[in-house]
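Examination of the molecular architecture
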Amino acid sequence: MNLLKRRRLLEEKKRTSAVWNHYDLITKTDGAWAVCKYCKHEMKANGHVGTTNARRNTEKCDAYVKFVQTNPASNVVYDHDTYVRMFAESIIYHVYALSMVEHIKTIDLHRYLNPNVKDISRYTITKYVMGEHERKDVHSSSPLPLDGKYFHIRCAPHILNLIVQKGLQMIDASVKKLREVVRFIDSSDARLSAFDKAILDCGDRTSFHGKLVLDVTTRWKSTYNMIRRALDVKEAIDLFILRERELEMIFDEEWETIGNICDFLEPFYDITELFSDTQYPTSNSYLACIINIEKLLYDSHKDPSNAVRRMAKPMWEKFDKYWSEHSLILSFGLLLDPRYKMACLNDLCSSLYVPVVVEGKVNEIHSAFVALYECYAKNSLAHMVVQHSVSDSGPSNLNRPFKAKKILKNFNPHSCSSRTTKSDVDSYLNLPFVVDHDGFDILEYWKAQSVSYPTLALMARDILAIPITSVASESAFSAGGRILNKLRSSLLPKIVEILVTTRSWLFGFEPEENDEEVLSVAREATTDDVANE
């Protein structure tokens, strides 16, 4: 590097004032000069020259004033820290390469949008991302309470899928016949038009919107949706079969069987929808849903429909394999729901078990809940942690497509027998029930109770945050396939971990289009899963 070029670089490095953004720096034989970008006025800009002349010229420059008036965006204040933060969040969210900050065309684009933009190196952006990860990873070194004794849980929607898929292996011939009819109708536009005419002739158009759905045999929810939609227009389907004469007729007793199967699958569908959502707490609904499924399968052995009984037997065996013992940590969610608590636990167990078993199960859950409470109470920082992590949080903005109270529609709040102990646990359990309503927010409730019951509020924060589905976590880690590709195979494991976890912590569960395959696998097991089970 020649002396003149070295001198120029040193002089440019010293110029940190924003006024120099309005000038182009050039080098002449007698040193550095600054040329106004608007009026092309030249002035010396050697290292010892300050910014006074440059500021005066900018204030007097009519071309600059005109430029600002015609380009209001050019007068926006540029904040470099905000630019670094937004660039880093963009890289984390969209799983871009860290070196993107040094891509020439990316720099050109940003300078076109704002000439004041300063360059960022990949080392700067990596340091920022690592710092953001450290700020979020405040609890990574904290051991699980009771050495993780209660914290091994299964993905509930996945198990539900295995249970229902087992039953669908015994599917009735009437459903198979319906599947062939739907496949026939959906195979050409002419047949779809003929079916639309049949709907109009039967007068079903006002109650039927959309079209029939052909199921995928490895996804039981699609089978349920196919049956449910077909039942809405069964008269039109019968008329279409009569007109086509190429299909086997579905008789009234077969339609009745199809309706019984639809009614039998509906609770499984509703509970799967409840479990699969990630926008609100679901652990408080776990126990009620599992006991309702258990009771439904138990009662189905006496169902008048032969098709339902045939399905229920293998489903019961699969249920007993996975859920003969309920998850204690998720059962605590019911106790932490002020609408239900111990009274609901008693009612749920009483609906299925004999009194001796009910007493044993209720005492087991209560004793484990108290043991976990005592473990939390030993933490001397409980009050501080609750105030920092619960009270400062904003509203959860719940948006439930399916209300848990549909599962507990027969529950009537009533007082439980008061216990003799006077711990915070029993004090909370003896409080009056909170009236259930559509806008009830359990997180807001425990935020308000963090002063009266700080330890219980800390427990509620942790337990209600437990997802009972692996959809969100599998979606988060599916980003690994986009981070580690053939062009980025040398990333350090620590960097991969930071990019995956920080994206999840900053943005939560926001799947992109590329995640759809992961979601379908997480929500519904494939044929191989069922075969292996």
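Our subject is the structure that appears above.
Residues numbered from 1 in each chain as written. Predicted model: local features only at pLDDT ≥ 70, side-chain atom pairs only at ≥ 80, totals over all residues. Heavy atoms only, no water.

Moving on, we get to the pattern of salt bridges. Going through the model one piece at a time under the given rule, you end up with 16 salt bridges. The closest approach of N and O atoms between Lys 28 and Glu 42, which form a salt bridge, is 2.8 Å. Linking Lys 28 in strand 1 (residues 23–28) with Glu 42 in strand 3 (residues 42–44), this pair joins segments that are 14 residues apart in sequence. Between Arg 183 and Glu 180 there is a salt bridge, and its shortest N-O distance comes to 2.7 Å. Taken together, the residues Arg 183 and Glu 180, both in helix 8 (residues 173–185) and 3 residues apart, mark about one turn of the helix. (Salt bridge = Lys/Arg side-chain N within 4 Å of Asp/Glu carboxyl O. Helix = DSSP H or I, 4+ residues; strand = E, 2+ residues; numbered from the N terminus.)

One finds Ile 237, Trp 323, Phe 332, Trp 446 and Leu 456 to be the most contacted residues of the largest nonpolar core, which totals 97 residues. Counting residues per element, this core draws most heavily on helix 12 (residues 252–276), which supplies 11 residues. Dropping the residues within four chain positions of it, Phe 332 is found in contact with Tyr 150, Ile 365, Ala 368, Phe 369, Leu 372 and Ile 463. Grouped together as the second largest cluster of nonpolar side chains are 17 residues, Ala 88, Ile 91, Met 100 and Ile 125 included. (Core = buried A, V, L, I, M, F, W, Y, C linked by side-chain atoms within 4.5 Å. Buried < 20%, exposed > 50% of the residue type's maximum accessible area, 1.4 Å probe, protein only. Contact = heavy atoms within 4.5 Å.)

The interhelical angle for the contact between helix 12 and helix 13 (residues 286–300), taken along N-to-C directions, is 165°, at an axis separation of 11 Å. In this view, helix 12 runs roughly antiparallel relative to helix 13, as classed from their interaxial angle. Where helix 12 crosses over helix 13, the handedness of that crossing is left-handed. Contacts from Phe 264, Pro 267, Phe 268, Ile 271, Leu 274 and Phe 275 of helix 12 reach helix 13 at Tyr 286, Cys 289, Ile 290, Ile 293, Leu 296, Leu 297 and Ser 300. Split into classes, the residues belonging to the contact of helix 12 with helix 13 amount to 12 nonpolar, 1 polar and no charged. (Axes fitted to C-alpha atoms, helices over the stretch in contact; angles between N-to-C directions. Parallel < 35°, antiparallel > 145°, perpendicular 65-115°, else oblique. Left-handed = near helix turned anticlockwise from the far one by under 90°. Nonpolar A, V, L, I, M, F, W, Y, C, P; charged D, E, K, R; others polar.)

This part is about the environment of Lys 318. Among the structural elements, Lys 318 can be located in helix 14 (residues 306–323). Since its relative accessible area comes to 6%, Lys 318 is described here as buried. Considering only alpha carbons, one finds Lys 318 and Ile 159, 159 residues apart in sequence, at a separation of 8.7 Å.

Residues Leu 109, Tyr 112 and Leu 113 make up a contiguous nonpolar surface patch of roughly 400 Å² in combined accessible area. Within the secondary structure, Leu 109 sits in helix 5 (residues 104–113). Given the relative accessible area of 47%, Leu 109 is considered partly exposed. (Patch = residues over 30% accessible without salt bridge, like charges linked within 9 Å, V, L, I, M, F, W, Y side chains within 5 Å. Areas by Shrake-Rupley, 256 points an atom, 1.4 Å probe, with all protein chains shown as cover.)

Right, let's talk about the environment of Ser 300 for a bit. With respect to the secondary-structure elements, Ser 300 resides in helix 13. Between the alpha carbons of Ser 300 and Lys 313 there is a distance of 8.5 Å; along the sequence they are 13 residues apart. Apart from the residues lying within four places of it in its own chain, the contact partners of Ser 300 are Phe 264, Val 308, Arg 309 and Ala 312.

The next subject is unusual backbone geometry. Note: most peptide bonds trans; most residues except glycine with negative phi. Even without a glycine there, the phi angle at Lys 40 is positive, about 65°. Tracing the backbone shows Lys 40 in the loop between strand 2 (31–36) and strand 3. Classification of Lys 40 by relative accessible area gives exposed; the value is 54%. Even without being a glycine, Lys 341 presents a positive backbone phi close to 55°. For Lys 341, the location among the structural elements is in helix 16 (residues 341–350). The exposure class of Lys 341 is buried, given its relative accessible area of 1%.

On to the environment of Asp 270, then. Residue position: Asp 270 is located in helix 12. Considering only alpha carbons, one finds Asp 270 and Cys 289, 19 residues apart in sequence, at a separation of 9.8 Å.

Here we come to the sheet that holds strand 3. Taken in spatial order, the 3 strands of this open sheet run 1-2-3, and their pairing is antiparallel. A strand with exactly one partner marks an edge of an open sheet, and here the two such strands are strand 1 and strand 3. The average undirected angle you get between the axes of adjacent strands in this sheet is 30°. Two strands pair when backbone bridges link them, and strand 2 and strand 3 are joined in this way by 3 bridges, in the antiparallel orientation. Residue pairing for strand 3: Ala 34 is matched across the bridge by Met 43. (Pairing = 2+ DSSP bridges.)

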